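As a plain string of letters, each chain reads:
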Amino acid sequence: MDKKEENTEEQVVNPWEVSSSGGKIDYDKLIDKFGCQRFDQSLVDRVQRLTGRPPHVFLRRGVFFAHRDFNEILDAYERGEKFYLYTGRGPSSEALHLGHLIPFMFTKYLQDAFKVPLVIQLTDDEKCMWKNLSVEESQRLARENAKDIIACGFDITKTFIFSDFDYVGGLDGLFMKFQWVVGIFGFTGEDHIGKVSFPPVQAVPSFPSSFPHLFSGKDNLRCLIPCAIDQGENGKMSASDPNSAIYVTDSGKVIKNKINKYAFSGGRESVELHRKLGANLEVDIPVKYLSFFLEDDAELEHIKKEYGAGCMLTGEVKQRLTQVLTELVERHQTARSAVTDEMVDAFMSVRPLPNMFN
């Protein structure tokens, strides 16, 4: 493809759609469009130095690849100033898939490493509006999703989970300029008023005054927001297509079947050709999943080297991925089974967190 053709490719990344006419998301274009900076090694090293912890695998491997003003957060932290974390979930399905888990896995690392409080917004009102769900069903899904979030291991003494129907704090975000909303979310004159009105609801948790029971008198407290663009290899993962992702409710047998049947391979058409040319790692989905979820850097590099050279076959790579994801999902299922309705109530209760910065 020449540069002229490349420049005509269009991609859409917003809270409701992730798509690209070229099939893949151009991260450089995304970074430029949203005024971000790439995570570089110096920033990863600085996080390790300030926290005294090894950087998370998602940082080491560029899964979280860009930021806005993260250096300012670290500058303040180095001066002894704390911050809080804010992330969220739109509860549109009964269970989360692994793509949904990634921001929460990373957020837990940030909470533990920096020892800071966290607020988690469940946008049940948004899903009621966009997914044509009843209020009662949206609220039920929010509580079910809260159990999966709690199962990630968040510290209850530092975490407040809230649903929009039950709690929408402060009015600060309601005074966002319309031009900001249009610029950030890409609205046009064709979008209905519900879409335009929702961004302030998602913005208010980034203002500490939205949580007077937590941050009274701390109006200048900074907020760090870990988030994802929620995409698969060819766009947004679909919670309505059970074969498009691995779900935290999947059994080992289902996981094995999905990987063997649906995970696109970069292996060659025959064993002989594969031994000769090696796998195309750029298009191999099992390798991409291992890059996310296989903790051991040395093993990952070994697999890439052997598979890329044709010494390892597709079946072997898929077998290892099946082991990794089955162990991950089974650990999550065990943790979730221990989450009771009373625990959900406790995480979602409006209460002070006296030890949130310790």
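The structure contained in this document is the topic of the report that follows.

Scoring rules and cut-offs
- Residues numbered from 1 in each chain as written.
- Predicted model: local features only at pLDDT ≥ 70, side-chain atom pairs only at ≥ 80, totals over all residues.
- Heavy atoms only, no water.
- Phe/Tyr/Trp six-rings, centres within 6.5 Å; stacked < 30°, edge-to-face > 60°.
- Helix = DSSP H or I, 4+ residues; strand = E, 2+ residues; numbered from the N terminus.
- Buried < 20%, exposed > 50% of the residue type's maximum accessible area, 1.4 Å probe, protein only.

### Comments concerning the packing of aromatic side chains
The tally for this structure, following the rule as stated, stands at 20 aromatic pairs. Taking 6.1 Å as the distance between ring centres and 85° as the angle between the ring planes, the aromatic pair formed by F160 and F211 counts as edge-to-face. With F160 in strand 7 (residues 159-163) and F211 in the loop between helix 10 (193-203) and helix 11 (212-215), this residue pair connects regions lying 51 residues apart in the sequence. Both residues of the pair, F160 and F211, count as buried. Feature note: the residues F58, F64, F106, Y109, Y289, F292 and F293 constitute an aromatic cluster, connected by ring pairs.

### Some details on unusual backbone geometry
At D69, a residue that is not glycine, the phi angle is positive and equals roughly 65°. In this fold, D69 is placed in the loop between strand 4 (66-67) and helix 5 (70-78). Overall, D69 belongs to the partly exposed group, its relative accessible area being 45%. Located in the positive-phi region is K115, a residue other than glycine, with phi close to 55°. Here K115 shows up in the loop between helix 6 (98-114) and strand 6 (118-122). Take K115: its relative accessible area is 39%, and that puts it in the partly exposed class.

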